[in-house]
Structure formats: structure tokens, C-alpha cells
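These are the residues of each chain, in order.
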Amino acid sequence: PPSQSSQSLTRQGGTRKGLKEEGGLGDAHAGHHEEEMAKKTWDDMLQEVKLFLWNPETRKCMGRSAQSWGLILLFYLLLYIFLAGMFAFCMYGLMLTLNPYTPTYRDRVAPPGVVIRPYVDHGFHIAFNLAEPSSWEPYVTSMEHFLTAYDDHVQEEKNVQCTPGQYFFQDDKEGDKRQACQFKRSLLQNCSGTEDPTFGYAMGQPCILLKMNRIIGYRSGYGTPVKVDCKVQKGDESDIQSLAYYPESATFDLMYYPYYGKHTHINYTSPLVAVQFTEVRMNHTIPIQCSLNGEGIINDYSNDRFLGRIIFTLYIGM
Amino acid sequence: LFQKRADIYSVEIHGSKDLEKVDKGDEKENYKDLKGNRKKSKKQDDLRKELDLDDHKLSNEELEEKYSTSITKGLTSAKAAEILARDGPNALTPPKSTPEIIKFLKQMVGGFSLLLWAGALLCWIAFGIQFAQGVPSARDNLYLGIVLALVVILTGIFAYYQEAKSTNIMASFSKMIPQQALVLRNAEKKEISAEELVVGDIVEVKGGDRIPADIRIIFSQGCKVDNSSLTGESEPQSRSCEFTHDNPLETKNVAFYSTTCLEGTATGIVINTGDNTIIGRIASLASGVGNEKTPIALEIEHFVHIVAGVAISIVVLFFVIAVSMHYAVLDSIIFLIGIIVANVPEGLLATVTVSLSLTAKRMSKKNCLVKNLEAVETLGSTSIICSDKTGTLTQNRMTVAHLWFDNQIFSADTSEDQECQTFDQSSGTWSALSKIVTLCNRAEFRPGQEDTPIMKRIVVGDASETALLKFSEVILNDVMGVRTRNKKVTEIPFNSTNKFQLSIHETDDPNDKRFLLVMKGAPERILERCSTIMINGKEEPLDKERAEAFQTAYMEMGGLGERVLGFCHLYLPEDEFPDTYPFDTDSMNFPTSNLCFVGLLSMIDPPRSTVPDAVSKCRSAGIKVIMVTGDHPITAKAIAKSVGIISATSETVEDIAKRLNIPVEQVNKRDAKAAVVNGMELKDMTLEQLDDILANHSEIVFARTSPQQKLIIVEGCQRQDAVVAVTGDGVNDSPALKKADIGIAMGIAGSDAAKNAADMILLDDNFASIVTGVEEGRLIFDNLKKTIAYTLTKNIAELCPFLIYIIASIPLPIGTITILFIDLGTDIIPSVALAYEKAERDIMNRKPRHKKKDRLVNEQLAVYSYLQIGLLQSLGAFLAYFTVYAEQGFLPYTLLNIRTRWEDHSNNDLEDSYGQEWTMYQRTYLQWNGYTAFFVSITIQQVADLIIRKTRRNSIFQQGLFRNKVIWVGIFSQIAIALILCYGLGSVAALNFTPLRFQYWFVAMPYAILIWVYDEFRKLFIRQYPGSWWDKNMYY
């Protein structure tokens, strides 16, 4: 009969609804939850954070009571004191193994690098205008400042005279003070700044000082002094018409080596080679490479542009 | 028509129909519907409207009219094409899935990706600024940004690939579409693709075909269909053109899309196609049931939040510090990149995925095939298992369980591989009974199976007869021989009116010319026909007392939920029935009363032998096992009792009522631990009542439930905050399987749809396999904790260098690229190796983890890893760093505040502690040497970290240092990778590695040993003082 079947089917529909309602309830529940999440305003969040930071009911801060915090902080204090102590002990142990006068390894610092003076504004671009003294004054100041330690009287007072052409070995006991050889700035003649306090800058014949990096125990050149050679790096060779080296040999004399370290070789002054660009093309930026030549010197390592060579530019404006 | 809507979800498959009761339920449910559930998705409303399955009630003529078709001629091609255009093809539309590109992009921004993107972006910004400024090392930042982006993209691709592997549920629904259909069109029969079928088509199906659409049968000849994929019923159902039931699913004149026609032929009118079919609706429902996030996914999200939170706070803190220390903004940005990269465990998510898939592999060896990787852990956190009975808990075959003869009940062996029966077989009654069992049986072994064990042989015949055949074969070993010696003369097969089966045989005794009449059937019917009973081999009169004994035994066996059969025989007198007597089964010209009753046999689908053990394991593991079955409550309860789902001492409300002899209503429901809930009761229950049952009974059996009711039960369990595992095999189980936290489909009995909806497939259909799965799931949760703890530890050792670098202005101890080499290089294999770690204690003796309380990454884990072990590691690594610098001439105090001069590219005569002068590149190389030393130290200490992470509570020596070989593979790989990076790739400048003096590998060793010793003490105190302050704060 139709009525019965319709009832039955309605029932079935109903059951389904009932069922769906159950499913729906689950969904609604989840939905509600989501809404809750969405509805959580910043205020609520803030409240929650506040409650987390300080819960007045349980008297807990960030989920821990005062006692609990005390214990945990005490624990970490002790632990960290212990760890700090252990680390300090290890560092002390490390220091004990080190020789105070010579580093354990010197393989990374050799062969030596080269630097130039003047050194202004962290750069290797020497550019100035003859007409404007302010443009070259910083270079002069830098040179002058650098050469103070090479004043003849300072050198005479502190350092000894050595025999040129041979190493100045001082095989004393480790830790004993070593003597340093004199390197008087007068050796630099035109570039010494004594006759021309502007080191040639005012005349468009600037001086550049070359210094080889110090390496303890390094015997520069292995018997033959290392020689300096400056030329145009890229471009027209004729941009530099003439230049002069001081000392004229353009070498770092053997007697300044070996270096014994700053703790023993107290007044050591690095030997220098000065280069004076006596005639160069004006109003033109000239890239110049000064390289060391000698046994054991590497001057063509592509990754390190300061190893055994230095590249700088020179621009003299009129 | 709108009122007359049926729905698959309402279908009561096993329940009986009681219209009065239904009416009551109707009111209530309508009321329910009015009250709640306003928010219905449009889709569901549509579904309901279109549902008007009253076709089964219509006559053929009405049907012809309704679908404007002709039973004799079918539709015309033109009409069919018109309807096809209107309704679309007869195929299931796949659900709208998120486009693959969206899924992919989601992976690109999920997890730590956003942080890394931020890092990459900062890199490019820094590059842009530096490039504009002409800084020579600007390109480093460009490359680092590219590397970071690559890391994100690669891990994203990995995650996407993993996700894509889990198959789409619709895939198998579409696979089920029958290919061809025989259809009557233009008065001609022709084969067309089933997709072209339209409503009103007349189709013919025959045995072996899949039903091509929902069809109303108009003609049938012995047609039987297998509806198991739809309703869960395994018995073949006959289909005819009679309208037998209001319910469209129950009525015999409708056959459903995708079910199989087993035998016979049928012709029908197509009444629903494609998505409108019952299967189509279930498919859309199954895809409609939302896939909730797995517990492990939530845990990982939680963990990502913690790490990201830590990272962001440190980033903000140090940005402020850096700016207030007057660092340039650009420098500060570069610091941030390092902090981000150091803080994010780039390789961890991939490691977790790999660990899960390794466990999945291990589980598949134990017959649990995991489809969705995250389900591996879900199984471990399962707190309720809703299990099917048939096939999962039981062997899915009838087996003789008890015998009654000589006034005595005997138990038979019901195990899977029985070879002999041990009950007393000396009585004469037994030989008579065994003869009846053997002869009065039409089942036969399929030939050629002599070498197969008896229980595994394939039998032609129904379930009970198969049981009896195997039973007698086990005892007699020569059933077929006995049958040939006792030649069958005639027989009456079992039918539902007679309720007995009878056959007449010659005897195997050549001197005995009598015929033997043997009969079996429903015990009460058999007893009616008997006047004597055999006791100890002698016929004795069947008096009242003996009849009562029979009744008691029958009740007892029936009470065990077993199917009982009675057996009787009669030797026909030789004079009345000579050799040539013409037996006629129609006129029954032989006696069928006054027979001799011999005995009773009862059969049951016995539990699998491994199940009771597995159930008790579940119990000790704190997992509630709920049986959900379509079977009769008595059978269900009996099986539940025998496997321990209802323990021996528990009682149901009904049991208590019976014991105390009071009405059920008066029993205090709290007294009953167990409950057996009938599907009919369940239907009338409110949600609260169901919740009450689920919460207050620890042992629950749902009997006579439709597979659809499973969904309600699952939802009920989930309301209890439980992680629910559900087993199922039918198509209509798929919504429940999807709804469950972990759906487990049966590999043998399961339909494709169920397998697709499930997260896991039980290859052997065995409940015990679930338990081994649970064990693996719990183990992987523990091991993931270890993996994460291991991975997080070194993050501090990677972070501290940046912090010290900013604060103390020392040369940078470790580079960003180097960090990536730790996170994605040396650490990957060891952290995966932790997944192979064995359980520390019996993990099956503790409660399932609480979803919200027992987190994967808790405060203790983070704090212990970050602030204790991580810090120790940093100290060890810094010791190596300072050693390398000091031995090259830069003593620690010189390094302080050296950063600006150190990083000045124009400063090429930087003086060290000894007065030597360094060029920029020489310093940079030394810095890389420092990176390498720092890297190596972290690696060495990570070896110690790896070893301590093997256990969380036990001493390493209890756990065994060498039991997990994979850990050692991890350690060796770690060291090997470090060696290769250091000495093999040390000359590749871009990687920032340099060869390292051999002794520096050992500088951090004391710290590595300290880590181990410290952790051993931690574990010792945890074991010694459980519940103490130490335990609470140090156990993660």
C-alpha cells in the first residue's frame, strides 16, 4: 500500500537525517571549534598569553610555580657553572699546549703577502690632483705616520746595525729578547720624506712604500734577497716612463730576517722598498702591479691578490 | 515524491521490519531533523531530492510509461542519445580534487619552507645591496639564496611525491565500471559500452557479468547477485521480478550497479545511471567525509610551530641586538640568514617521511599494507579498534565445534590446521553418527587436492556441508571412499520448507542387504521424526527424559551461538525394501518418521587462533576492542567471549538481570562491564545514549548492525576523544573507513572501494596483524621522538656560532653552507637509523598516548636538546674552533672584537697574536679551516648524541650498543661524509671546506664523552627515582 511504503520511506529518509544529523553534529562541532578559533580575537589571545605568563589561581608563571622555577633555575645555574668551568679548564689546557713565542703552525700565513703605504680609506686607489694639496695631503700624512718608527734616531737608539747580505740569526734561548736590525728611513732617500716632506706628491712624483708581511722564522728569498718589480698591470707599458727604487737594489735585505715574533723581537721594523714614480702619464688611471720575485715567493695565485704582489691604481691630475 | 525518499544510509540490512515501531521512530527522527542540522550542504539536499527509488513497486507497464521505453523494443537510438545528453554518461564523476599544482605549491609553503624562503629572500636582498656597493664577495649571498631555494624545492618535491603516492579513492570506483552491456535498442540487441547506458534502457545480464547500472528486474531466470561489496552480506542473493520489500535495497527486483551477477540471467530496465546509482551516492559520500589530519600530522605541525617560534624569536631578538650594537642593517640581515638556516632542521621532515615509510615497509612484511604514510603512527596511538567479526576475528569458515551424542557434549578442535580430532570416538553411536555425517552430505572436494592439507582444500558446496565434509575427512580420511562403498540410491536436498536433507544408501556390508536412510536437519524437526534414540550404539526408546536431555543440549549449543544440526538414520527392512525398490522422492514412498535419533553437531565460524592473544595484548595496551558485526547477538557474544573481547568475568546488563532474576530495567547499568548492543536498539538511540554506552562499558559488541551504522559508532568513539581504527570490507564501509582515524580494509575479502577508502590494508584479514601494526606504530612514535631530539640538538651548536659572532665579533665559526651540509648531509642517515631502534620496554603494556597530552615534541625534549646537550655540543665545537685559530697564531683573546678588521678586504697585513701579518685570503682560508673544524666537531659529537638517543630511559648497555646495526651504518656514513667533505672536496672553494689536521678531529672528543656520561646519569636517575623532580624535568 502506498501510504505504508511512503511512511517507510519517510522513515528511511528520517533515519538518514538522524544519521546525518549525527554526522552533522560532529561536523557542527568541528565547525563550531573552527569558528571559535576564528573568533579568537587578539584580546582573547592576549588574555591567554597573560594567563600563561601569570596564572593568579595556581600562582604559576609560564606553567611553573615559584618553587619549580627556583629549582629549575638553580639546576641550570649549577649545570652552566660546571660547563663554564669545564670549558675554561679546556681552554687553559689548550693554552698550555701553545708556545707563547712561536705559533704551532705557520703554514697558512706563508708565503708572505705584500701591502703598500700610503693606506687611505681602505683602498688601493691613489688618486690626487697636483693643484689641490688637500687631495694628496692624506697620502703624505699616512706615509709620514708610517715612517715615524723608521726615524733614524729611533732606529739608532733601539736597534743594532747588522751585516747586510746575510741572515741575522739569533739562536738564543726561546723567550729571550732578540735584537732588531736598523732600517733607517734615510735609506729611502728621495722617498724618506726628509728632503721632500711631501714624498714627491706635490711634484707629481709620488712615492709608494712596499712592505712584505711578517712571518715568524721565515727566511725570505732563501739566501737571495727578494726583489721588487713594479709595472703597468694592464694597458700601455709606456704609461710609466720612469721609476726609481729605494734602496736602489729594490730588495729586502736578508739581514732583516728571520723574524722572531712580537714578544721577543720587540723593536722589529719591517724592511721597506720605496718606489717613486718619477714620470708617469698624467690625468690617466694607471693600474700598477708590484710583485716580489725570489725563491719561495708566490706572486701569481689567482685567489689571493695580495700574495707576493699588490695591485693598485695611480691617478695624477694636473 | 519528496517525502518518499529512500537513502542508502537508512538501510537496515539485517534488521527485521516492524512498521509500528518504525512509525514511532519516524516521529522522533523527524523531530530531530527539525531541530538540528539546518546547515546542510547543498549537495546532500540535491542527493535527497533526486532519490525516488520507488521503481521496485511499479508494475512493468508503469515502468514503461515512466521511462517512456518498451520492454520488448527498448529505447530508440535517438531517444537514448537524448537522455544521454541530459543525464551524462553512466560513469562516476571523480570528485573535484585540488589541482596538482596547488598541492605542489602547498608543499612549497608548508612546514619550514616559509622560513627558508624568507632566508633565501634575505640572501637575494643582501646580494642586491652588496652587488650595488661592489663588494667582492656579494655573489656568495646569491648562491646561498639559490641553495636555500633549492633545498625548499627539493624537500617540497619529495613531500609532494610521497603524498601523490597515496592513491585517490575515486580511482577504484571508476575501475569498477563494467566495460560492456548487452542492451535492447530499436528492438535489437546489441553490445554497447556501459558508459552509454541511459535510464530506460533494457539490459540483459548473465552469470559473471557486473551489473552495468541500477536496474529493475523485469525478467529473471535463477539470477543470483553478490551484494557483498554493497551491503556486506556475503550470501548470494537471488533476484527476480517480484516486489518483495519496501526497502529498495532489500527488494528482490532491483539489482545494483557494480555488484556481480553470480549465476542465471536477468533482464531489467535501467533506473539509475552514473552518480545517481547507489554506488555513486556512496562514492560521493565517502569523498564527502572529510579526511581529518592524522595525529602525527598534528604532532609535526606542533613541532614545526615550536621550532619556527624559537627561530623567529631568536631572529627578532638578535636583529634588535645587532641593530642596537650599531651593526649596519645589511650586516644584520646577513646575520639573520645564518640564524634562520641554523635554526631550521632542513632535513628533518624528509627524515620523518623516510622513517615512516621504513616502518610502513616493515609493517607490510607483517601483513599490514600502509597506504597513507602518516597512518603508520596513527595505528600506534589508536585507543579504540572497531573490528568486524567475520574473517577478521574469525576464520571465515564454518567448523564443527561441538557434538552431542550418548547424552554427552564433546568439543571438537576448531583451530586452523587441525589434523585429528581427539574426542572419544569409541562409542557405537559415534560410528553411526560419522556415517550419517559422511553420507548425508552433497559437498565434495574439488579433485586433485590430495596433497593439500584438509582444511585448505577447496570444496564445492555450502558452508555447513563443507564444515561437515572436512570434519569427517579429518576423522575418517576417506570420505569419498566411504561414499562410493555406500552407494547413494536417492536423495532429497535441503529446502527451507522441509528443513531437512535426506538420502538413502546401500550399505558397505555385502551381507547386509538393507538400505540405510540418513537424514540431517534442524534439530527440532529431526527429533519430531524420531521415535528412538541411539545410546552407546544401542537403539533405545525416545522417552520424555531423553527428549529433555536433547533439549538441554540443544539449548546449550545454541546458546554458544552455534548453528546446530540434528542427525538421524533408519535401516530400511530388507523385506519391505528389496534391492530393486523404486524410491521416489516426490511421493516419498519410504518412511520419514519413527527414525532413530543419533546426535547433534554444532558449527560455528571459529575465532582465529591468534586472535585471543591479540585481544589480550590490546587490552594490556589500553586499547578498547569493539566488535561490530551483522551477526546475531548470541553468536556475536559467543565469539566475543571466546576471543576475550568480553572477558570471562564480565557480564552484560542482561546477564545480571538473568543472574539476579530481575527485569533488565532494574539493573544498575554501571554494574555491567560488557554490553551487547543490537543494531535495532542502536537505531533508536540518541547520541547521548550512544555516548553513554561507549563511555561506560569497556567491552562492547554491536550485533546486527548494518555496515552504515558503523559510521555512527565511529563518530561516537571519536566524540570520546579516541583515536579510532575501523576494519571493513564492503563498499558501504568506505564512509566509516574514511571517517575513522585509521581505516583498515581487508586485503582478501575487501572490496576495492573499501581498500581505497582505507589508510591501511590487512593482507591476511587477521586481527592479530593489527596488533603488530599497533606495536610498530607506537615504536615509530618513540623513535621519531629520538630522531627529532637528535636533530634538534645540533641546531644549538649551529646557532651559537652566529650568536657569539654577533656579540663577541669573532671570526664566523661556521658558515651557512656548512650548516646545510650537516643538516642535509651527515645527519640524515643517522637520524633515519634511529627508526630501526628496538623498543626500550614493552610498549604494549602502556596506555595509548593521549592525543593532546603526549606530544611528539614536548617541553622536556626541546629544553633538554637545546639547553643541555645542544649547549655541550656548542662548547665542544668552540673548543675545536679556538684550537684551530690558536695553533695558527690567533689566540682566543685576539679574536674578540676582531671581526671588522678580519672582514676588511683591504686589510692585508692583519697582525695575529704573535706579530705575523695575514692577507685577507689567508684569513679566509683559516676561517674555512675553522668552519671545517667546527663541522667535524659537531659531527663527532653527533655520534655521541646518536648513541645516547638510542634510549630515553634505559642505559645504552641495557639496550645493547650493537643490536641496531643500522645505527653503526649511520655513524660510519656520518664520518665518511665528513671525511669526503673535508679531504675530498676541501679544494672546492665554493663549499668552504678545507683539509683539516687530523688531530682536530679529536678535540671535541672529551665533550662527546661527557655527553654520553651525562646522559647515562640522566637516565640512571630517571630509572632510580621515577616520579621525582628529575624524572619530570628530564624525561622526554
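Predicted, not measured: the structure shown is a model, and the values here were computed from it.

Basis of the calculations
Here the residue numbering is sequential within each chain, running from 1 through the sequence in written order. Just so you know, chain letters begin at A and ligand numbers begin at 1, following the order they were written in. Local features in this predicted model are restricted to residues whose pLDDT is 70 or higher, and side-chain atom pairs enter the listing and the counts only when it is 80 or higher, whereas totals over whole chains, interfaces and linings include all residues. Only heavy atoms go into the side-chain values, all of them from the structure, while hydrogens and water stay out. Centres within 6.5 Å make a pair out of two Phe, Tyr or Trp rings, where for Trp the six-membered ring is used; the pair is then stacked when the planes are under 30 degrees apart, edge-to-face when over 60, and tilted otherwise. Comment: elements are numbered from the N terminus, with helices defined as DSSP H or I runs of at least four residues and strands as E runs of at least two. Here's how the labels work: a residue is buried when its accessible area is under 20% of the maximum for its type, exposed when over 50%, partly exposed in between, all with a 1.4 Å probe on protein chains only. Nonpolar cores were defined as sets of buried Ala, Val, Leu, Ile, Met, Phe, Trp, Tyr and Cys residues, with membership established by side-chain atoms within 4.5 Å. Contacts between residues were defined by any pair of non-hydrogen atoms, one from each residue, lying within 4.5 Å. pLDDT is defined as a per-residue confidence score from the predictor, taking values between 0 and 100. Each pair of strands is called paired provided DSSP finds at least two bridges between the two strands. The salt bridge criterion pairs a side-chain nitrogen of Lys or Arg with a carboxyl oxygen of Asp or Glu, the two atoms within 4 Å. UniProt positions are given in the numbering used here, feature names are shortened, and annotations may be inferred rather than shown by experiment. Throughout this description, a polar contact denotes any pair of N or O atoms lying within 3.5 Å of each other; where both atoms belong to protein, one of them has to be capable of donating a hydrogen while the other can accept it, and for residues adjacent in sequence the pair is counted only when both atoms sit in side chains. Every axis corresponds to a line fitted to the C-alpha atoms, with the helix fit spanning only the stretch in contact, and the corresponding angles, defined between N-to-C directions, vary from 0 to 180 degrees. It is the rotation of the near helix from the far one that decides the hand of a crossing: anticlockwise by less than a right angle makes it left-handed, clockwise makes it right-handed. Here the nonpolar group is Ala, Val, Leu, Ile, Met, Phe, Trp, Tyr, Cys and Pro; Asp, Glu, Lys and Arg are the charged ones; every other residue, Gly included, is treated as polar.

## Thoughts on the packing of aromatic side chains
Consideration 1: For the structure shown, the criterion picks out 60 aromatic pairs over all chains.
Consideration 2: Measuring from ring centre to ring centre gives 5.7 Å for F75 of chain A and W1029 of chain B, while their planes differ by 65°; the resulting arrangement is edge-to-face. Of this pair, F75 of chain A sits in helix α3 (residues 66-97) while W1029 of chain B sits in helix α38 (residues 1029-1034), which puts the two residues in different chains.
Consideration 3: Accessibility expressed as a relative area gives 26% for W1029 of chain B, which makes it partly exposed.
Consideration 4: A centroid spacing of 6.2 Å and a plane angle of 15° characterise the contact between Y983 of chain B and W1001 of chain B, whose relative ring orientation is stacked. Within this pair, whereas Y983 of chain B is found in helix α36 (residues 965-984), its partner W1001 of chain B is found in the loop between α36 and α37 (1005-1024), the two being separated by 18 residues in sequence.
Consideration 5: Overall, the relative accessible area of 37% leaves Y983 of chain B in the partly exposed class.
Consideration 6: Each residue in the set F87 of chain A together with F878, Y881, F882, Y885, F890, W902, W918 and F934 of chain B is aromatic and connected to the rest through ring pairs, giving one cluster.

## Quick notes on the nonpolar core
Consideration 1: One finds F312 of chain A together with F767 of chain B to be the most contacted residues of the largest nonpolar core, which totals 231 residues.
Consideration 2: Sort the elements by how many residues they give to this core and helix α28 (residues 767-808) of chain B lands first, with 20 residues.
Consideration 3: Excluding residues that lie within four positions of it along the chain, F312 of chain A makes contacts with I116, F124, I126, I208, F277, I286, P287, I288 and C290 of chain A.

## Considerations on the confidence of the model for chain A
Consideration 1: Per-residue confidence for chain A gives a mean pLDDT of 83; residues scoring 70 or more make up 87%.
Consideration 2: Segment residues 1-38 of chain A: pLDDT under 50, and 65 contacts once partners within four positions in sequence are set aside and those in other chains are kept.

## Quick word on the pairing of strand β21 (residues 624-628) of chain B
Residue and element names in this part refer to chain B.
Consideration 1: Counted residue by residue, β21 has five buried out of five residues, so it is predominantly covered.
Consideration 2: Where strand β9 (residues 384-387) meets β21, four bridges bridge the pair, whose relative direction is parallel. When the sheet's bridge partners are listed, C386 is paired in β21 with I626.
Consideration 3: Where β21 meets strand β23 (residues 699-703), three bridges bridge the pair, whose relative direction is parallel. When the sheet's bridge partners are listed, M627 is paired in β23 with V701.

## Considering the pattern of salt bridges
Residue and element names in this part refer to chain B.
Consideration 1: All chains considered together, the criterion is met by 48 salt bridges over all chains.
Consideration 2: Of the charged contacts, one joins K710 and D388 as a salt bridge, the two residues approaching to 2.8 Å between their closest N and O atoms. With K710 in helix α25 (residues 709-719) and D388 in the loop between β9 and β10 (399-405), this pair connects stretches of sequence that are 322 residues apart. Of the two residues, K710 and D388, both sit in the buried class.

## Topic: the UniProt feature "transmembrane region" (unreviewed entry) in chain A
Consideration 1: Mapped onto this numbering, the UniProt entry annotates "transmembrane region" (unreviewed entry) at residues 69-95 of chain A.
Consideration 2: Between the end C-alpha atoms of residues 69-95 of chain A there is a gap of 38 Å, over a span that is 100% helix and 0% strand.

## Topic: the side chain of T429 of chain B
All names here are of chain B.
Consideration 1: With respect to the helices, strands and loops of the structure, T429 is situated in helix α15 (residues 428-439).
Consideration 2: A residue is classified by how much of its surface remains accessible, and T429, at 0% relative accessible area, is buried.
Consideration 3: When neighbours within four sequence positions are excluded, T429 is seen to be in contact with F405, D406, M534, I535, N536, G537 and V598.

## Description of the pairing of strand β7 (residues 260-272) of chain B
Residues and elements named next belong to chain B.
Consideration 1: Sheet analysis places strand β3 (residues 202-206) next to β7, joined by five bridges and oriented antiparallel. The residue of β7 that forms the bridge with V205 is A266.
Consideration 2: In this structure, strand β4 (residues 214-226) lies alongside β7, joined through 10 bridges in antiparallel fashion. Paired with I217 across the bridge in β7 is G268.

## Quick look at the sheet that holds strand β6 (residues 226-232) of chain A
The strands making up a sheet associate through hydrogen bonds between their backbones, and the pairing can be parallel or antiparallel.
Consideration 1: Read across the open sheet, the five strands follow the order β4-β11-β10-β6-β8 (chain A); overall the sheet is mixed. Across the chains shown, the open sheet's two edge strands, defined by having one partner strand only, are β4 (125-129) and β8 (251-252) of chain A.

## Some details on the side chain of S913 of chain B
Consideration 1: Among the secondary structure elements, S913 of chain B is positioned in the loop between β27 (910-911) and β28 (917-918).
Consideration 2: By relative accessible area, S913 of chain B is classed as buried at 4%.
Consideration 3: At 2.5 Å, the side chain of S913 of chain B and the side chain of T894 of chain B are in polar contact.
Consideration 4: The contacts of S913 of chain B, once residues within four sequence positions are left out, are K262 and H263 of chain A together with G889, F890, L891 and T894 of chain B.

## Examining the packing of helix α20 (residues 611-620) of chain B against α28 of chain B
All names here are of chain B.
Consideration 1: Between α20 and α28, whose axes approach to 8 Å, the crossing angle comes to 35°. Two packed elements cross with a definite hand, and for α20 against α28 that hand is left-handed. On α28, the residues touching V611, A614, V615, K617 and C618 of α20 are F767, A768, V771 and E775.
Consideration 2: Taken together, the residues of the contact of α20 with α28 break down into seven nonpolar, no polar and two charged.

## What to know about the sheet that holds strand β26 (residues 760-762) of chain B
Residues and elements named next belong to chain B.
Consideration 1: Pairing within the open sheet is mixed, and its eight strands lie in the order β8-β26-β25-β24-β9-β21-β23-β22. Both outer strands of the open sheet, β8 (368-370) and β22 (674-678), are each paired with one neighbouring strand and no more. In this sheet, neighbouring strand axes are inclined to one another by 20° on average, regardless of whether the strands run parallel or antiparallel.
Consideration 2: Here β9 runs beside strand β24 (residues 724-728); their pairing, made up of three bridges, is parallel. Within the sheet, the bridge partner assigned to I384 lies in β24 and is V724.
Consideration 3: Lying over the sheet, helix α21 (residues 633-643) contacts β21, β22 and β23, oriented at roughly 145° with respect to β23.
Consideration 4: Contacts from helix α24 (residues 687-696) reach β21, β22 and β23, with the element oriented near 135° to β23.

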